[in-house]
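Overview (structure and organization)
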Protein chains: 2
Amino acid sequence: MRYSNTHKQETRQKLLDSSRAIAKKGGFDTTGVDALMSAIGLTGGAFYSHFRSKADLFAELIQLETELSTDMLAGDDNSPPDHVSKRIRNYLSTYHALHPEEGCVLAALGPEIARASPQVKAQVEAMLKRLQRSWATRLDDNDAGWALLAQCVGAIVLARVVESERTRQEILASSRRFVEKVQQPDQK
Amino acid sequence: MRYSNTHKQETRQKLLDSSRAIAKKGGFDTTGVDALMSAIGLTGGAFYSHFRSKADLFAELIQLETELSTDMLAGDDNSPPDHVSKRIRNYLSTYHALHPEEGCVLAALGPEIARASPQVKAQVEAMLKRLQRSWATRLDDNDAGWALLAQCVGAIVLARVVESERTRQEILASSRRFVEKVQQPDQK
DNA sequence: GTCTATAGCATGATAGAC
DNA sequence: GTCTATCATGCTATAGAC
């Protein structure tokens, strides 16, 4: 064969990785297949050797995004006691607000996910519940799991819709202080 | 003239009102001019008698949305002391999560606004700052203004990306309890 | 596995009839 | 002021050459 065994797999992975960033930056519906393919040096027609439809790519993309984010944010048995507040401080950063392409998929594509198929939303829900349980257990507060997730996503959305850098900083700083006030001292 | 003096004004207002709901439900970029016009019984070509471009409609739409929301949420001198917690309870409702077309534009179109022109984002910022100042003053807590706004927007986004009604309720209930814990007793 | 070419349709926007 | 018709362009998806 003209192409190696793993060539298709590699191309698929490159397309997936590249599309994740592009979709989070410019929106998924708004971005055409041609743009996604040319970003990895291929033409639009070749897309359908890798995915049956654009919606299929979206489903895999969201699945991958939520898995990676949840793995990072939830932490494991080796994570320190202040794991959650560390992750939150990192989430509520100016860098995150200014770089949606590297950031959380919920803050960047939340409304598009809300309009997606039940299958996609069920996948997202499963990952979110895992993350919520992890945080609720660590903080010993059932409500704090969901509430802190909402705080994070909402603050980044707000920080991105305003124009001035100053207001963006204010929103993030207020949100960080608010979260710290709520958390117990021994978890900081 | 074949049409009354106020006919154009009325049509423009109808188009604006109709488009607000459609955009919040299905996304603005995703919805075509034809769909927006046929929703008020007109054809696509007539759109450009009322707006110079689709982007112009978006700007006016966002302006109107943020004004109306801010007026409602900020309250005035006649509002009761528990104004803020009442509005937040209302915002964090299942009805709001299930009806984006009637709800907050930030939760529905946040990422699209984030990609909009600096002019649009500056308008949104002005309204958000007015709302933030109002809440911060009422609660006598500078951080709470931005933080509670973020909590509201984030909770609705989360509630909309999950599939099961049960999880949606959990998210909203946790967020409501979290907000109540934080607020002072005399403001409830 | 990727290419070009193309089908079929929707888009944003314009021109001219009424 | 709204209509139909139209343009140019974009889209998703398919077929067939290489």
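Residues numbered from 1 in each chain as written. Chains lettered and ligands numbered in written order. Predicted model: local features only at pLDDT ≥ 70, side-chain atom pairs only at ≥ 80, totals over all residues. Heavy atoms only, no water.

What follows concerns the UniProt feature "domain: HTH tetR-type" (unreviewed entry) in chain A. Here the UniProt-annotated "domain: HTH tetR-type" (unreviewed entry) positions come out as residues 9-69 of chain A. Annotation note: span residues 9-69 of chain A, helix share 66%, strand share 0%, distance between end C-alpha atoms 23 Å. (UniProt positions renumbered as here; feature names shortened; annotations may be inferred. Helix = DSSP H or I, 4+ residues; strand = E, 2+ residues; numbered from the N terminus.)

All names here are of chain B. Contact geometry of helix α4 (residues 83-91) with helix α7 (residues 118-139) gives a least axis separation of 9 Å together with a crossing angle of 125°. If you check the angle between α4 and α7, you find them oblique. Residues H83, V84 and I88 of α4 touch α7, and the partners they reach there are W135, R138 and L139. (Axes fitted to C-alpha atoms, helices over the stretch in contact; angles between N-to-C directions. Parallel < 35°, antiparallel > 145°, perpendicular 65-115°, else oblique. Contact = heavy atoms within 4.5 Å.)

Below, the discussion takes up the protein's contact with DNA strand C. Taken together, 20 residues sit near DNA strand C, with A:T43, A:S49, A:H50, B:V33 and B:Y48 positioned nearest. Each atom of DNA strand C within 4 Å of the protein belongs either to a base or to sugar and phosphate, the latter forming 73%. In the environment of DNA strand C, a phosphate oxygen lies 2.6 Å from a nitrogen or oxygen atom belonging to the side chain of A:H50. Here B:Y48 contributes a side-chain N or O atom positioned 2.8 Å from a phosphate oxygen of DNA strand C. Per-element tally for the surface near DNA strand C: the top contributor is helix α1 (residues 7-26) of chain A, with three residues. The residue makeup of the surface near DNA strand C, split by class, is five nonpolar, eleven polar and four charged. (Near = heavy atom within 4 Å. Polar contact = N/O pair within 3.5 Å; in protein donor to acceptor, adjacent residues only side chain to side chain. Nonpolar A, V, L, I, M, F, W, Y, C, P; charged D, E, K, R; others polar.)

Position of B:A155 among the secondary structure elements: in helix α8 (residues 142-161). Taking the C-alpha atoms as reference points, B:A155 and B:A74, 81 residues apart in sequence, are found 19 Å from one another. Residues within four places of B:A155 in sequence aside, it is in contact with A:A150, B:L92, B:I171, B:L172 and B:S175.

The next point concerns the protein's contact with DNA strand D. Close to DNA strand D lie 20 residues; A:V33, A:Y48, A:K54, B:S49 and B:H50 are nearest. The sugar-phosphate share of atoms of DNA strand D within 4 Å of the protein amounts to 74%. For DNA strand D, a phosphate oxygen lies 3.0 Å from a polar atom in the side chain of A:Y48. Contacts to DNA strand D include A:K54, whose side-chain N or O atom sits 2.8 Å from a phosphate oxygen. With three residues, helix α1 (residues 7-26) of chain B is the single largest residue contributor to the surface near DNA strand D. Counted by class, the surface near DNA strand D contains five nonpolar, eleven polar and four charged residues.

Attention now goes to the interface of chain A and chain B. Chain A puts 48 residues into the contact, and the matching count from chain B is 48 residues. Taken together, the two surfaces of chain A and chain B that pack against each other cover about 4000 Å², and 63% of this comes from carbon and sulfur. Seen at the junction of chain A and chain B, the total is six salt bridges. B:D143 is the partner of A:K181 in a salt bridge, and the nearest nitrogen-oxygen pair spans 3.5 Å. Listing elements by their share of the side of chain A that touches chain B, those giving two or more residues are α1, α6 (105-114), α7 (118-139), α8 (142-161) and α9 (165-182) of chain A. Per element, the largest residue contribution to the side of chain A that touches chain B is 15 residues, and it comes from α8(A). Its residues assigned to classes, the side of chain A that touches chain B shows 24 nonpolar, eleven polar and 13 charged. (Buried area = accessible area lost by both parts, 1.4 Å probe. Salt bridge = Lys/Arg side-chain N within 4 Å of Asp/Glu carboxyl O.)

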